[in-house]
Every structure is written in structure tokens, then in C-alpha cells.
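Overview (structure and organization)
What follows is each chain in one-letter form.
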Amino acid sequence: MTAPVMNAVIMDNPFTRVNKSAPFLIGDLSTLGLSFVPESLPHRESQIENMVSLLESAVRGTKPSNIILFGKTGTGKTSTARHVTSLLSEAVEGKISVSYINCQIYDSPYSILITIAQSINIRADPIPPLGWPLDRVYNEILRRIRESNKDLIIILDEIDKLTQKNGGDSLYVLLKLCEDQVNPFVSVIGITNNNTFIQELDARVRSRLSQESIVFNPYNASELRDILTFRIKGVVKEECIDPSVINLCAAIGAQEHGDARKALDLLRISIETAIREKSEKVRESHVLKARAKLETDVLRETVAGLPLHSKLVLLGVIVSREMENTQAFSGEIMENYRNICKELGFTPLTSRRFGDLISDLGESGLVITKMKNLGRHGRTRLITVADNPEVIKERLLEDDNLRAFRGIHLGKQARFAPYGDDSKPTASEQEEIDDILDARPDRSTDEK
Ligand SMILES: Nc1ncnc2c1ncn2[C@@H]1O[C@H](COP(=O)(O)OP(=O)(O)OP(=O)(O)O)[C@@H](O)[C@H]1O
Ligand SMILES: [Mg+2]
């Protein structure tokens with residue numbers, strides 16, 4: 001007998017179905033993204049002019065004052081700083097080096113100094129990421145500045161992160177560099193969206209760092225409309241985008257404290273959605289879909305950033321909701337939390353810490369809590385997940401520590417499963433459990 005011949009399945013390459021050129025796209029959509037610095041910044045003329053006048057002495061080789069740029073997120077601080085310093089560099093024909101440091105990423109004095117050293121002379125031997133004493137790196141920077149004979153402007157983006165970690169050592173070292181190195185000069189442009197950052201600094205550091213400051217006000221809806229119209233030019237055919245799309249993106253951006261990043265993200269995602277749907281035009285409905293997607297992304301990020309036990313408690317809230325399809329009592333959720341910990345091999349926290357974590361989750365908007373009067377038994381909390389439980393659960397179960405819970409279903413009886421010897425409820429916990437059992441919604445109606 002001959003062996004059966006397998007029928008070869010010829011698979012269609014799914015990429016061949018992708019629309020190679022979206023009919024309304026005439027330029028590169030990625031220019032609406034983060035890393036692109038536009039060649040002009042509408043409605044930032046006064047900040048640009050202000051920065052130019054503060055930096056103009058640099059053209060004559062004289063050290064300008066250190067400057068701090070303040071303003072809420074998405075108000076164009078980073079773009080303006082990059083734009084103005086690149087104009088300055090161009091005007092002095094490369095006689096100034098600009099070193100851009102994102103202090104969220106580089107926050108130790110060592111990592112900042114080696115990044116600066118590298119930007120002064122990219123061809124010099126790299127400084128090892130570990131191992132040199134700090135003063136050796138510092139002297140190497142001084143040597144490189146003198147050897148290059150170029151002035152140096154250091155942009156410290158998210159400068160407030162420098163005081164949150166390492167107790168401000170990095171800032172101290174950088175200000176010392178500005179003072180020690182006069183010709184060629186070293187000068188700092190700090191950027192922050194934390195308005196109280198300067199007040200919290202030591203008085204001496206404050207006066208040296210913030211010699212001049214420039215405020216970036218939030219954009220209003222009409223300014224955002226101009227910005228979006230300017231940024232979309234050459235990317236999408238004018239007739240293929242409803243003006244109401246730009247208005248809606250601008251209005252949502254203005255609601256979000258005048259955030260141009262949010263407005264641009266919305267516009268970009270709306271266009272991508274329209275392309276995916278093979279629509280011949282970008283419409284308001286695409287903006288609404290884009291907004292829902294952005295909100296889900298933010299939710300996923302918030303969940304991902306929670307500490308382990310907050311995640312376990314949140315999973316407890318979701319599991320309780322799945323069991324009852326409604327809000328649950330705090331004691332029921334605590335039971336589920338404990339059972340989840342048991343399933344996953346973690347030691348549950350005390351009921352007081354559990355209560356604190358529920359409050360934290362309430363503050364971050366992930367759960368909604370409501371006090372319920374239990375009559376003579378006092379009060380307890382009714383808790384439910386605020387929104388999108390499926391998205392939250394999916395994100396929680398992507399965590400390596402919680403992954404093993406996938407597929408496990410706590411039975412209803414599990415809420416009051418017998419405790420192991422090591423986790424007997426305390427007397428007060430038992431009382432709360434009894435209260436809850438007595439006060440099931442079908443028995444009590446005195447909800448406040
Ligand atoms: N006036 C403007 N014209 C054109 N695009 C702008 C303008 N202002 C901001 N943008 C764009 O909006 C986005 C956010 O701007 P930017 O990163 O400069 O904000 P930021 O104030 O530094 O925000 P954060 O505090 O969150 O870092 C960028 O993509 C930038 O290109
Ligand atoms: Mg920025």
C-alpha cells in the first residue's frame with residue numbers, strides 16, 4: 001500500500017493583500033510621530049524669540065545664562081529646545097556642540113557624564129560604562145571640550161528626574177562643570193513639566209540653574225487646529241480629511257490640558273484606522289475609534305506599572321465581578337485575593353495593607369469604591385472595576401508572576417474556602433466575613 005500523499009496547502013501571502021499606497025496618503029505618516037522635529041512650530045513664536053535672545057551671546061562666544069523651560073506635557077518644550085539649538089549650531093557653523101540628555105533614561109552622574117563626553121567627540125575612544133572614578137570622567141570631559149575648542153550646550157530634558165534619584169548629585173556635578181569651564185563655555189537648558197521642581201531645590205542650586213526661565217502655556221483648541229493643519233500638510237490629500245476630523249482631534253487635545261502630542265497621536269491613529277478600513281476619507285468616526293484605542297493603551301500601561309500585590313488585588317476585584325457580575329464586598333474580594341495568592345504561591349498581605357491597596361487602586365481610577373451601610377454591623381466597601389475588565393484582566397495575565405492564573409477559575413465556594421493553618425482569618429476578619437454573609441444584597445437593601 002502506498003503512503004497517503006499529503007495535499008500541499010498553498011498559502012496566500014497575507015502581505016500581498018496590504019494596500020501598498022493608501023489612496024489619500026501623499027507623504028510619510030511617521031512624520032506625525034514622536035521623533036520627528038518639525039522645521040517650524042506655530043504658536044511658539046514668543047518662546048522661540050525669547051530663547052533666541054537668551055542664547056544670542058553664544059554667537060559671540062560668550063556664555064549665555066542657564067535656562068529652564070516649564071510647561072505641561074505636549075506643549076512643545078522639547079521640540080522648541082531642539083529646534084532653537086539646531087538653528088544656533090547652524091549659525092555658528094558647528095562651533096557649538098549640543099548634548100541632549102533624557103534624564104528619565106540617564107540619571108546617574110556617571111551615565112550623564114559619559115553621554116556628554118561622547119557627544120563632544122564621537123570619534124574619541126569610548127569611556128567604559130563602568131569602572132572609571134567619576135573625577136576621571138569629569139576631567140576627560142574638560143579635556144575634550146578644550147581639545148575640541150567648541151562651546152557646549154547641554155539640554156537636560158525631564159531635569160526633575162535628576163533630583164528624584166541620586167539625591168541631586170548629577171545636577172550638582174553638571175552645574176560645577178558650567179562653572180569650571182568658562183572658555184569654551186558650558187551652559188545648561190533644563191526642561192521640566194513639574195512646576196514645583198525649582199522651588200524644591202536647594203537655594204544655591206536654584207539660583208545657579210534657573211537664571212532664566214521660559215513658560216510654555218497649554219495650547220487652546222484653535223492653536224491645536226493650526227498645528228494639526230500645518231503638520232498634516234503634504235501627508236494627506238486635503239480633500240480626503242474632513243475638517244471636522246481636525247477640529248475633533250484639536251478639541252480632545254485641548255481638553256487634555258492643551259497637549260499637542262495627544263492631538264497628533266489621535267490624528268495619526270485616525271488616519272491609520274481609515275487606511276485599515278479601506279475608507280476613502282478620514283472621518284470623525286475614525287477619531288472616536290482612535291480615542292478608544294489610545295485610552296485602552298493608557299489603561300494597559302497603568303496596569304502594567306502596578307506593584308505585584310496591587311495587581312493581585314485587582315485580579316481579585318475582576319474575579320469577584322466575574323462571579324457575581326456586579327460589585328463585590330471588600331471582604332469577598334479579599335478572599336479571592338488570598339485564594340489567588342495561594343494558587344500562585346505568594347504570601348497575602350494583611351487586611352490593613354489590602355485596604356490601602358484598594359484605596360490606591362481607587363485613586364488611580366482603576367476601581368470604584370462605594371461605602372455600604374450594614375446597619376448594626378457598621379459599614380463596608382462595595383468595590384467594582386471601573387472600566388474594561390477584559391482588557392485589564394488580559395494585561396494582568398501577561399505579567400510573568402500572574403501568568404499561571406490563566407485558565408484557573410475560582411469557584412464561588414472558593415470565596416470562603418477553608419484556610420490553611422498558616423492563614424487563619426483574624427477575629428476581626430472573621431467578623432467582617434460573617435457581616436458580609438449576613439448582608440448579601442438579597443437580604444439587605446440599605447445601600448447608600
Ligand atoms: N507648535 C507646534 N507645532 C508643531 N508641532 C508641535 C508643536 N508643539 C508641539 N508639537 C508636537 O507635539 C509633540 C509634543 O511636543 P514636545 O515633545 O515638544 O512636548 P513637550 O512639552 O516636550 O512634552 P513633555 O513634557 O511630555 O515632554 C511633538 O510631536 C511635537 O512635534
Ligand atoms: Mg519633552
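Computed from a prediction, not measured in an experiment: that's the story for all the values here.

A separate point is the environment of F329. Following the sequence through the fold, F329 ends up in strand β6 (residues 328-329). For F329, a count of 25 C-beta atoms within 10 Å corresponds to the buried category. When the C-alpha positions of F329 and L382 are compared, they lie 4.6 Å apart, and in sequence the two are 53 residues distant.

Further remarks concern the nonpolar core. Formed by 42 residues in total, the largest nonpolar core has its most connected members in L69, L113, I141, I154, I155, L156 and I189. It is helix α3 (residues 109-120) that provides the largest number of residues to this core, a total of six residues. Dropping the residues within four chain positions of it, L156 is found in contact with I101, C103, L162, V188, G190 and I191.

Moving on to the pairing of strand β1 (residues 67-71). Successive side chains on a regular strand alternate, one facing one side of the sheet and the next facing the other. The buried fraction of β1 is high, at five of five residues. Covered by surrounding structure in β1 are I67, L69 and G71 together with I68 and F70, the residues of both alternating faces. Both β1 and strand β4 (residues 186-192) contribute to a ladder of four bridges, which runs parallel. Paired with L69 across the two strands is I191, which belongs to β4. For β1 and strand β5 (residues 212-216), the ladder comprises five bridges, and the chain directions are parallel. Residue pairing in the sheet places I68 in a bridge with S213 of β5.

Moving on, we get to the packing of helix α8 (residues 221-232) against helix α9 (residues 243-255). Between α8 and α9, whose axes approach to 8 Å, the crossing angle comes to 130 degrees. For the element pair α8 / α9, the angle class is oblique. Considering how the two elements wind past one another, α8 and α9 form a crossing that is right-handed. Taken together, the residues of α9 that come into contact with α8 (itself represented by A221, L224, R225, L228 and T229) are I246, N247, C249, A250, A251, G253 and A254. Across the contact of α8 with α9, the residue classes break down as eight nonpolar, three polar and one charged.

Here three strands make up an open sheet; going across it, the order is β6-β8-β7 and the pairing antiparallel. Bordering the open sheet on either side are β6 and β7 (367-373), each of which pairs with just one other strand. Here seven bridges tie β7 to strand β8 (residues 379-385), and the two strands are oriented antiparallel to one another. Paired with V367 across the two strands is V385, which belongs to β8. Sitting on the sheet, helix α12 (residues 308-324) is in contact with β6, β7 and β8, with an inclination near 90 degrees to β8.

Around ligand 1, 20 residues are found, and the nearest of them are T73, G76, K77, T78 and S79. Those elements that provide at least two residues to the shell around ligand 1 are α2 (77-91), α8 and α10 (260-276). Its residues placed into classes, the shell around ligand 1 shows seven nonpolar, nine polar and four charged. Shared between two domains, the shell around ligand 1 holds at least three residues of each, these being domain 1 (44-216) and domain 2 (220-302).

With parallel pairing, five strands are arranged side by side in an open sheet as β2-β3-β4-β1-β5. Because the sheet does not close on itself, it has two edges, and the strands there are β2 (96-102) and β5. Ignoring strand direction, the axes of neighbouring strands in this sheet form an average angle of 15 degrees. Note: β2 against strand β3 (residues 151-157), seven bridges, orientation parallel.

Another point: unusual backbone geometry. Cis rather than trans, the peptide bond between N183 and P184 has omega equal to -5 degrees. Along the polypeptide, P184 turns up in the loop between α6 (169-180) and β4. In this model, H257 sits at a positive phi of 40 degrees, which is unusual for a non-glycine residue. With respect to the secondary-structure elements, H257 resides in the loop between α9 and α10. For K278, which is not glycine, the phi torsion reads 55 degrees and is therefore positive.

Calculation notes
- Residues numbered from 1 in each chain as written.
- Chains lettered and ligands numbered in written order.
- Predicted model: local features only at pLDDT ≥ 70, side-chain atom pairs only at ≥ 80, totals over all residues.
- Helix = DSSP H or I, 4+ residues; strand = E, 2+ residues; numbered from the N terminus.
- Buried ≥ 20, exposed ≤ 12 C-beta atoms within 10 Å, placed from the backbone.
- Core = buried A, V, L, I, M, F, W, Y, C linked by C-beta atoms within 7 Å.
- Contact = placed C-beta atoms within 7 Å.
- Pairing = 2+ DSSP bridges.
- Axes fitted to C-alpha atoms, helices over the stretch in contact; angles between N-to-C directions.
- Parallel < 35°, antiparallel > 145°, perpendicular 65-115°, else oblique.
- Left-handed = near helix turned anticlockwise from the far one by under 90°.
- Nonpolar A, V, L, I, M, F, W, Y, C, P; charged D, E, K, R; others polar.
- Near = placed C-beta within 6 Å.
- Domains from an automatic or database assignment.

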